[in-house]
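Summary of structural features
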Amino acid sequence: MIDRGIQVILNSRHSPVAFEWQGRMRRVKEVQECWRLAGAWWDGAGERTFFRVLTTHGGIYELCFDHAKSAWTLSRVTD
Amino acid sequence: MGFTHLHVHSNFSFLDGGSSVRALVDRAKAVGCKSLAITDHNGLYGAVRFYDYAKKAGVKPIVGVELDMEDGHHIVLLAKNLAGYSNLCKIITRAQLSHEKGEAAASIEVISKYKDDLFCLSGCPKGEIPSLLSQGRLDEARAAAHKWIDVFGPDNFLIEMQNNMLPGTALLNSQLTELADELGLRCVATNNAHYAEKDDFKIHDVLVCVQTLTTLDDDHPLRKRNSEYYLKSPKAMANLFRRYPQALANAEWVADQCNLDLNLGTFRFPDFPLPDGETAYSYLCKLCFEALERLYRPITPPILERLQYELKVINDLGFPEYFLAVWDIVQYARSKRIRCSGRGSAADSLVAYCLGITIADPIEHNLLFERFLNPERRGMPDIDIDFDAARRDEVIEYIYERYGTKKVTDTFLQKRCLSPFLTEDRVAMVCTVSTLKARSSIRDLGKAMGFAPDDISRLASALPHVGGRRIREAMDKLPELRDLGRDCKSRPNFEGRPNILDRLDALVDICEKVDDFPRHLSVHLGGVVISKDLLTELVPLEWATKGVIVSQFDKDDIETLGLVKMDILGLRNLSAIEDALVHIRQHHGIELDIDNIPLDDEPTYETLRSCDTVGCFQVESPGMRGLLGRLQPRVFDDVIAQISLFRPGPMQADMINPFIARRHGLEEITYPHPGMEPILKETYGVILYQEQVISVSHALAGFTYGQADSLRRAMTTDRSQEEMEKIREGFIAGALAKGVDKDVAEEVFSRLRAFAAYGFCKAHAASFGKIAYQTAYLKTHYPAEFLTGILNNEPMGFYPPNVIFEEARRLGIALLPVDVNASEARFTVEQIPILDCRLQISDLETVVHDAGDQSRISNLKSKISAIRVGLNQVKNISEAEVESIVSARATRPFSSFADFCLRTKCDRPTIENLINCGAFDSFGIPRGKLLWLLGEVISAKSKSRKPVVSGFGSCTGQGQITAKIPKQVVEEPCLIDGLSADDLDDQIKNLPDGPELSLHERVRIDYDILGLSTICHPMAFYREKLTRARIRRAREVRDLPDNTIVKVAGVVVVCMRPPTKSGTIVVFITLEDETGFADCVVFPKVYEKYGQVIFNSPALIIEGKAQKMGRTYSIIASKVRPLSQTYRTDNADIKPFKERIRIAGQRSFVRSGGV
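Residues numbered from 1 in each chain as written. Chains lettered and ligands numbered in written order. Predicted model: local features only at pLDDT ≥ 70, side-chain atom pairs only at ≥ 80, totals over all residues. Heavy atoms only, no water.

1. Some remarks on the pattern of salt bridges
Residue and element names in this part refer to chain B. The test is simple: Each reported salt bridge corresponds to a side-chain nitrogen of Lys or Arg within 4 Å of a carboxyl oxygen of Asp or Glu. Starting at the N terminus, helices and strands are each numbered in turn, a helix being any DSSP run of H or I of at least four residues and a strand any DSSP run of E of at least two. Type-normalised accessible area, obtained with a 1.4 Å probe on protein chains alone, sets the label of each residue: buried when under 20%, exposed when over 50%, and partly exposed for intermediate values.
One pass over the full model with this rule turns up 67 salt bridges over all chains. Salt-bridge contacts for glutamate 807 lead to arginine 810; the nearest nitrogen and oxygen are separated by 3.2 Å. Residue glutamate 807 and its partner arginine 810 are located together in helix α36 (residues 801-810), separated by three residues, close to a single helical turn. With a relative accessible area of 6%, glutamate 807 lands in the buried category. The class of arginine 810 is partly exposed, set by a relative accessible area of 23%. Between arginine 927 and aspartate 921 there is a salt bridge, with its nearest N and O atoms 2.7 Å apart.

2. Section: the interface of chain B and chain A
How we decide: Working rule for contacts: check all heavy atoms of both residues, and any pair within 4.5 Å makes them a contact. By buried area we mean how much accessible surface two parts lose on assembly, using a 1.4 Å probe and totalling the loss over both. Any pair of nitrogen or oxygen atoms within 3.5 Å is treated as a polar contact; in protein, a donor-acceptor pairing is required on top of that, and neighbouring residues in sequence qualify only through side-chain atoms on both sides. Amino acids outside the nonpolar list (Ala, Val, Leu, Ile, Met, Phe, Trp, Tyr, Cys, Pro) and the charged list (Asp, Glu, Lys, Arg) are all regarded as polar, and Gly is one of them.
Taken together, the contact pairs 25 residues of chain B with 14 residues of chain A. Summed over both partners, the interface of chain B with chain A buries about 1500 Å², with 53% contributed by carbon and sulfur atoms. Seen at the junction of chain B and chain A, the total is two salt bridges. For the pair chain B and chain A, the interface holds eleven residue pairs in polar contact (both at pLDDT 80 or more). For the side of chain B that touches chain A, the secondary-structure elements that each account for two or more residues are α7 (169-183), α8 (201-212) and α21 (500-513) of chain B. At four residues, the largest contribution of residues to the side of chain B that touches chain A is made by α8 of chain B. Of the residues that constitute the side of chain B that touches chain A, the class distribution is eight nonpolar, six polar and eleven charged.

3. Quick look at a nonpolar patch on the surface
So the rule is basically this: Distance thresholds for patches are 9 Å for like charges and 5 Å for nonpolar side chains (Val, Leu, Ile, Met, Phe, Trp, Tyr), applied to residues having over 30% relative accessible area and no salt bridge. All accessible areas in this document rest on Shrake-Rupley with a 1.4 Å probe, and a residue is counted as covered only by the protein chains that are shown.
On the surface, Ile9, Val17 and Met25 of chain A cluster together into a nonpolar patch covering about 240 Å² of accessible area. Relative to the helices and strands, methionine 25 of chain A resides in strand β4 (residues 24-37).

4. Concerning the packing of aromatic side chains
All names here are of chain B. Which entries qualify depends on this criterion: The criterion for an aromatic pair is that two Phe, Tyr or Trp rings (for Trp, the six-membered ring) have centres within 6.5 Å, with stacked assigned to planes under 30 degrees apart, edge-to-face to planes over 60 apart and tilted to the rest. Whether a charge sits over a ring comes down to the Lys NZ or Arg CZ being within 6 Å of the ring centre and within 35 degrees of the ring normal.
Per the counting criterion, the structure on display carries 36 aromatic pairs over all chains. Centroid distance phenylalanine 267 to phenylalanine 319: 5.5 Å. Interplanar angle 75°. Geometry classified as edge-to-face. With phenylalanine 267 in the loop between α10 (245-257) and α11 (280-295) and phenylalanine 319 in the loop between α12 (301-316) and α13 (320-335), this pair connects stretches of sequence that are 52 residues apart. Residue phenylalanine 267 shares its accessibility class with phenylalanine 319, and that shared class is buried. A network of ring pairs unites the aromatic residues Phe267, Phe269, Tyr309, Phe319, Tyr322, Phe323, Phe369 and Phe372 as a single cluster. Above the face of the tryptophan 253 ring, arginine 186 is positioned so that its terminal group lies 3.6 Å from the ring centre. Directly above the aromatic system of tyrosine 229 lies the positively charged group of lysine 224, at a separation of 5.0 Å from the ring centroid.

5. Details of the layout of surface pockets
All names here are of chain B. The following threshold applies: Buried and open spaces are told apart on a 1 Å grid over the protein atoms alone, a cavity being a set of points where a 1.4 Å probe fits but cannot get out and a pocket being an open set with protein on both sides within 12 Å along at least five of seven lines. Residues with an atom within 4 Å of a point are the lining residues. Grid points are joined across faces, edges and corners, and a volume is the space filled by probe spheres set on the points.
In this model, the second largest pocket occupies a volume close to 1300 Å³. As for the second largest pocket, its lining consists of 48 residues, of which Asp16, His41, His74, Lys126 and Leu222 are closest to the centre. Elements that contribute at least two residues to the lining of the second largest pocket include exactly β2 (60-68), α5 (128-134), β5 (157-162), α7, β10 (518-530) and β11 (541-543). For the lining of the second largest pocket, the element with the highest residue contribution is α7, accounting for four residues. A breakdown of the residues in the lining of the second largest pocket according to their chemical character gives 17 nonpolar, 19 polar and twelve charged.

6. Re the nonpolar core
Taken as a class, soluble globular proteins show a tendency for nonpolar side chains to be buried jointly. Residue and element names in this part refer to chain B. Note the cut-off: Residues grouped as a nonpolar core are buried Ala, Val, Leu, Ile, Met, Phe, Trp, Tyr and Cys residues, joined through side-chain atoms within 4.5 Å.
Ranked by size, the top nonpolar core spans 132 residues in total, and within it Leu592, Leu778, Ile867 and Phe900 carry the most contacts. With ten residues, helix α34 (residues 762-781) is the single largest residue contributor to this core. The contacts of leucine 592, once residues within four sequence positions are left out, are Leu581, Ile584, Ile597, Tyr777, Leu778 and Tyr782. The next biggest cluster of nonpolar side chains, apart from the first, holds 82 residues, and it includes Val25, Phe272, Phe369 and Ile385.

7. Remarks on empty space enclosed by the protein
Residue and element names in this part refer to chain B. Under the counting rule described, the total for this entry stands at two cavities of 30 Å³ or more. Taken as a whole, the largest cavity spans an internal volume of roughly 60 Å³. Lining the largest cavity we find Tyr322, Met380, Pro381, Asp382, Glu559, Leu563 and Lys565. Residue composition of the lining of the largest cavity, by class: four nonpolar, no polar and three charged. Within this model, the second largest cavity holds a volume of roughly 50 Å³. Ile38, Asp40, Gly43, Leu44, Ala47, Phe50, Ile62, Val63 and Gly64 are the residues that line the second largest cavity. With three residues, the top contributor of residues to the lining of the second largest cavity is β2. Residue classes in the lining of the second largest cavity are distributed as six nonpolar, two polar and one charged.

Given below as structure tokens:
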């Protein structure tokens, strides 16, 4: 688990096409899975949408968008 | 491309659905869905209203169900048509009835039996196939699919796919489509929707916590992990399933083949067994004409014409069988001497009166048939009947025997048979859906949201009985709730979290949204559905409590389906009347025909005018007593008017004041049009009855009675401005055509409109008025017997037993304590010698004169009536213990305390309670000694039990011969440690005397154990101090001049906040002291100041201005103080002064006493 803020570029369907990690832009080859979790809404937590992506370099990353904060984080790396 | 949601849960999935049926249909329509399925858990609870509403909204309804299978998996079934719907009903019924309540589960065998005309979907991730695939068990998943294909065939079994944006969804869907392709099955996309809009997720989440008894901070597998389970638009679904467009198309393919027609509007009456040669109509006519000859002498032409007209209308509408069925039930009841009386608009019917269904004469009371049956509107007649509550079950059993067919044949169900009412064929009880209201929402949802139990309890208890959507309004408006809310909000840390304010707001928010949500199903106490065909053709059934089978549809949905629902209601007042008649028979030797007492008995009207109507049906509440004081009824029509006037509608429409003013000649009686005079004369020109609205429309606007009733109905329901304008135009046009002046017509219409919503059904008032009059008559002439009847049928009426008991004391009836040798199980009447002759002989003569036997006078001169407290009144005494006392005593009376202990089966706590409430006082032994001895007796009794096997004869122990007993093994403690009962009694005498109990202590103990006391009213202990402080007795205030400033004190017996005309909050309090009631009114300013005191103090001192209302008064409160803080005495620990006790089922009432 990483949980670091990142920049993400989206397509017209709001799906990630690239993101920046460790100073480099990584291109998304394929969105393998997308899921959403509600979080502790009763405590003010927002919804989070996760994308498990395969990059052109063969790495697998989990990108997380926090709807309440409108911020992207990298939550997991399988490289 | 269109899309239909085929897997949807409404709030009839009971705490697993976050939206109502209506909200789901509205949402479906809003997003462009042409059809919608509802598939609630294991039932069709909301199906009828869904079907009806969806049709009207232009959305095709598809009825389905999500079933739990016996192996724990889920499956979804959808009905293609009516035959499929019937099969659903049968499958659901078997799934429900073959398991314990709440554990419904279907078997594939039953589904196979009723598979026709159904689609089957493989289900959500809890379905067998997706579940196996998720575990990697492909072969088993394939086998499961084959199993369902064998049942439904490849065309009717579909693989269900969902994409709720959970991890693993993509892989699972890929596996599902592969399997479907392999087996030649269709895939269908669903969203497993549990609510309509995305935001409703929070509602659903909290409800699931309520269901699973967890809090939001707990994890639970039933909680959804995100908010994707809503009714998504076709576009959103297309986006989610862009890789599987065929799955979307198949959803529409399924929807196109589902075309259910429930034939709403068709009546389905049960077959009535007729005598040979008769049709239902001919038999009905025969019964009515026979009765007419008995009831009316002479039979005038108008009466005859009326009967013929009613019979014709009944026949034209197709209802003869219905009337015969109702007659049959009433006949049965009367043959068994079960008291009964039809209520509601049925009393408008001469046919109903002739058949003995109703007891108010429609000719004598000028009741209008069209109010009951509108010949121009073929709606199901609705005849509700009140029966003696104690014997209502006998009537229901009769219905089952008469109309039910075969008994249950299934072995499981036979074993499960807990009730004789067990058929699943043509008869079942109707369910009622308990819904979430303000209080229940706060309790359930507050707990789920992690609020402290104390806070939840205080908040819920202080809320009035309103819907959830009015909680916020109540919290802002009511001072006692504002303080509570402030307390909750002021806590700095809520279990470590700082957001208590947000949580409280969220709680109130969600409570508002779940207002009226179904909470659970229970039995409608009197509703019975009777069907011509097997019920499960149309209605799924399930278990309610106590082994009773109920329909899954409530009474409204049953009626919508055209089935006959009888309301077999239990009215405890009828039980009380019957009880009184038994006592009158026993003690006066009179067989009083209460149904035919003269309706002009002056002493009865005097009782009503004096407002001493505690215990009298419908006229005992504080408001009713106040109105009696103002109205001063003289004739039976006044009683009918009384019952009609005292309702929120007439109060808010300000009908009461003009009525009373005109009644007493203080205001001129005017009519806008002379044609209204014959109709409104009986109510002094005031429109009071719905029947009058009909008659006026008929007389002035020329409407037929049927049209006029339609007009009345239209006026009483919510209408748009345009609709009301159309109605108005119709009325004005009709009036003009009859030569009525336009201005007059406008005025009449506006009066009708104002009163139509509030007018009361005169027939219903007449029926209830008859019972009210009967109770007032009994109270007047046989008060001891009548009040005993009330006490024996509590809880009932407006007041708890201790208030009724005190009323008896106020009427001069002697009150006798519990006595092991004199008390029966229930309260009884005794005639006791007069030791303290407070009654005048003339009073006795009046009582006996009614008995018609003058020779009794000399005997009764030496006796008065007394009420003996029954054994059942003792706290925690069991039925078995009472039975053991009564049956042991039947052999011979108890000669001593020890004799009692030896011969009865009471446990120690019960005997202690009996000692402490004086049940052994007649033996002359101080209670302290008995308590000491009790320990010894119990201990020795348990050691000396010897089993006895005998034929008839003796105890083979050590001596004493018992009574003859049948052959069985018994434990007969003949002796205790070698001592006889006499030996023990000698021991008692040798014990030293302890300190005597004071009166106050005895009263306190009485209230603790019995909830009442024969000794005195608790206020008597305060009287000396109160008198010195010039605080009046309640009775004294009656004799004071109007507007005198007074102070009164008493125990709070009533405290309520009913709706008022202006919408402001006014509190009505009734205080009780030894002499009676002081009714007080607290207006908003005073309420603001003393709200906390009023609602938290069991006894109050109220100061204010006493306003006379005829023979009674009302104190307009200016100051309110708690009694026990003002006057500290030892009495503070008597129950009425220690705590406010809420009586279940009473709105906003706070009662005193040990009930």
